[in-house]
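Tertiary structure, described
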Amino acid sequence: MIHTYKTKGLHANMRLTAIFLLGVSTLFNPSVVRAAPPELPSPMRGVTVGMPGLTAELFTLLEETEVNVIRVGIASDQNTNNPPTAMDPLKTYETNLAYLDAALPMAEAADIKIILTAANIYGRSLDFFWTDPDDSAGFRDHLADLWGAIATRYLDDPSIVAFDVLNEPNFPAGQSALWYDEMLPQSITAIRNVDTNIWLVVEPGPWGLAGGFSTMQLVNDPHVIYSFHHYAPHSYTHQDIGAYAGYEAVYPGTNKNFLNGPLSYWGKEQLREEMQPAIDFAQTHNVRMYVGEFGVLRWAEGGAAWLEDSISIFEEEGWDWTFHSLATWNGWNATYPSNAPASLVPDGGYRGDRWDVLMNYWNSDSVAPPFPLLLAGWERGNQLAAPTQTLAGFDGSSSWEVSEGTPWATEWDRWDNDTTFGTLIGGAQLSQGAYRLDQGLRTSASLSFSVTNNSLVDYDLSHLSFDIWRPNNASDTYMVSAVGGDISLSNNFAMGNTTGVGGVLPEVGGSDYEDFDISLAVLADRTLAPGESATFQITFTDTTPATSAKFYVDNVAIIGTPSPVALIINIISLKPFSSQVMKLVIHTTDPSVSYLKTKTDLLGTWANVGHSMDGSAPFIETNLSYSTTSGTNVEIYVETTNAPAQFFGVGSQ
């Protein structure tokens, strides 16, 4: 799998990338391809299209831009007489999937990533949730089958980085469970049964509107991007089509959002107010937010101002976004003037003020802030236990101590049930097991958690998160310390109090503990280089002892983000050169500090490996300056071995 950031232009978030390849075969090994979540541009800035819009003409138009992502709607073939089956869920999609298959090499060559979304799929009515649930049961079952088949078909494709589970889920009040409790988890399970690490994009209902985040919960998966669609005020952006036939409005100005809504003045601050539930959700949970669709019809007066105000809010919040659209009906297309006839051609040849706004932001050098990743997480209270979840390339351990009183034990009957590590990372399983201290804390007790970076990339530690239940309304002081490893040690850099919850023991089977997120930004050195480790200790001091009181800790996580570096490396292609030699075409921003590396198993140590300039001896262990120049890339040749699996990577010395 190639993990990379966009290399066109200067606004890429430049990080060292590791590429894992199976050296004795030309086939990718799926377990290696998705060893970690695909790297994403930061931020993603792009366009939305339907599958038939994925043409060479579209990619020619995008050469003018620094677009780095395309959101593609999956739709069933028109006039099909071959409904999908559980055995063949893609039966009715092959014509449209052929457009996608033909576009993937063009996307890879342009270093443009692809997000797939379930749009007009077989059996779907846009109002399907409004009907008798039995009438939509076939569609609901098909969605999960579709995603299982799509995940299998595109498991090893380096350009497809995310699956948007359902485009604009729609349901009436009281029926949200059909989406949140049935279709969404079933579809995620179908994807995760095939691909454990591809990014998931999840929209709230109804219609994927920002307001849906006012009631939405975190999804129980660590690799989720949250998304909404922005067309507010709807009557303005959709004027003179559908229900808005004959409606004319300007921006900024007085508009209704929807036809049944009140008149109000719409400018940038009103747009921000409309997005406030998404802003609050993203800031509260520190999650990645993505505006999957937004756009304005080309004849709407003030369209350039609407685009400017909307995108400027996205950028201020550090959000990803994809404009709708360049390769569907051209009512939305910014390359057409207001009076152009209808067309499906991507490039209408017009370069007006709406196009100028998009180009300004597509080609911006600004970089979004990093988003947190779960490096190591503990969900069960086993002494000396390894983490139950780790990011690829990380491992860890835990231990406990008590100075007086009953030692720590494992609580199998009561545990935290909110499926988050603190509040920042989702994906904590509802697994039995929490750390438990019986009969009060007495003097003090501590839990220690260690993490080691065995990847090829520096990581900046972000937070130590955990969940606590202290029943009987007791209160205790906690202290967080960095007590070992290769970072700055700073005893008691965080202090605070726990509080009681409900005054009773947690319910058997799980309850919602209190969430704590301790920032590690106060440490002078919080960067873990490859091979380095860090140990953190949480010490609890009993200030209100109570006989037979218990104390519970669950869902502990060490959280971090990859550190930016000034090196980008991509493998462009690989193919056999002879029975014992493979040819690799590599793009690197600095060949003099880039080295070919290998190891025989993913737990081993990376070592430099020799390569040749032309496929013949000598094969020298040196940097990629020893190569053949091919445009902006270099070509090297490497010998393969007879080992059962030999993995190759490219990194700095």
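Criteria and cut-off values
Residues numbered from 1 in each chain as written. Predicted model: local features only at pLDDT ≥ 70, side-chain atom pairs only at ≥ 80, totals over all residues. Heavy atoms only, no water. Core = buried A, V, L, I, M, F, W, Y, C linked by side-chain atoms within 4.5 Å. Buried < 20%, exposed > 50% of the residue type's maximum accessible area, 1.4 Å probe, protein only. Helix = DSSP H or I, 4+ residues; strand = E, 2+ residues; numbered from the N terminus. Contact = heavy atoms within 4.5 Å. Salt bridge = Lys/Arg side-chain N within 4 Å of Asp/Glu carboxyl O. Expected span 1.5 Å × (residues − 1). Bend = angle between axes of the 7 residues up to and from the residue.

So, on to the nonpolar core. In terms of nonpolar packing, the biggest core is built from 90 residues, with Ile70, Leu116, Trp147, Ile150, Tyr226, Trp319 and Trp362 touching the most fellow members. Of all the elements, helix α4 (residues 137-153) adds the most residues to this core, at seven residues. With residues up to four places along the chain from it excluded, the contact list for Tyr226 reads Val202, Phe213, Met216, Gln217, Leu218, Val219, Phe281, Val287, Arg288, Met289 and Tyr290. Counting residues in each nonpolar core, the second largest holds 49 residues, with Leu375, Trp378, Leu391 and Ile468 among its members.

A side chain with one charge can pair with a side chain of the opposite charge if their charged atoms come near. Evaluation of the coordinates by the stated rule reveals 15 salt bridges. Where Glu316 meets Lys268, a salt bridge forms, and the shortest distance between an N and an O atom there is 2.8 Å. Placement of the pair is Glu316 in helix α8 (residues 303-317) and Lys268 in helix α7 (residues 268-285), with a sequence separation of 48 residues. Take Glu316: its relative accessible area is 46%, and that puts it in the partly exposed class. One salt bridge connects Lys583 with Glu635, and the closest N-O pair in it is separated by 3.8 Å. In this pair, Lys583 sits in strand β28 (residues 581-588) while Glu635 sits in strand β32 (residues 633-639), placing the two residues 52 residues apart along the sequence. Judged by its relative accessible area of 18%, Lys583 falls in the buried class.

This paragraph deals with helix α5 (residues 177-192). Compared with an ideal rise of 1.5 Å per residue, which puts 16 residues at 22 Å, α5 spans 21 Å between its outermost C-alpha atoms and is within 8% of the ideal. Along its length, α5 reaches its greatest deviation from straightness, about 30°, at Met183, and the proline Pro185 lies no more than four positions downstream. Those residues of α5 not exposed but buried are Leu178, Trp179, Met183, Leu184, Ser187, Ile188, Ala190, Ile191 and Arg192.

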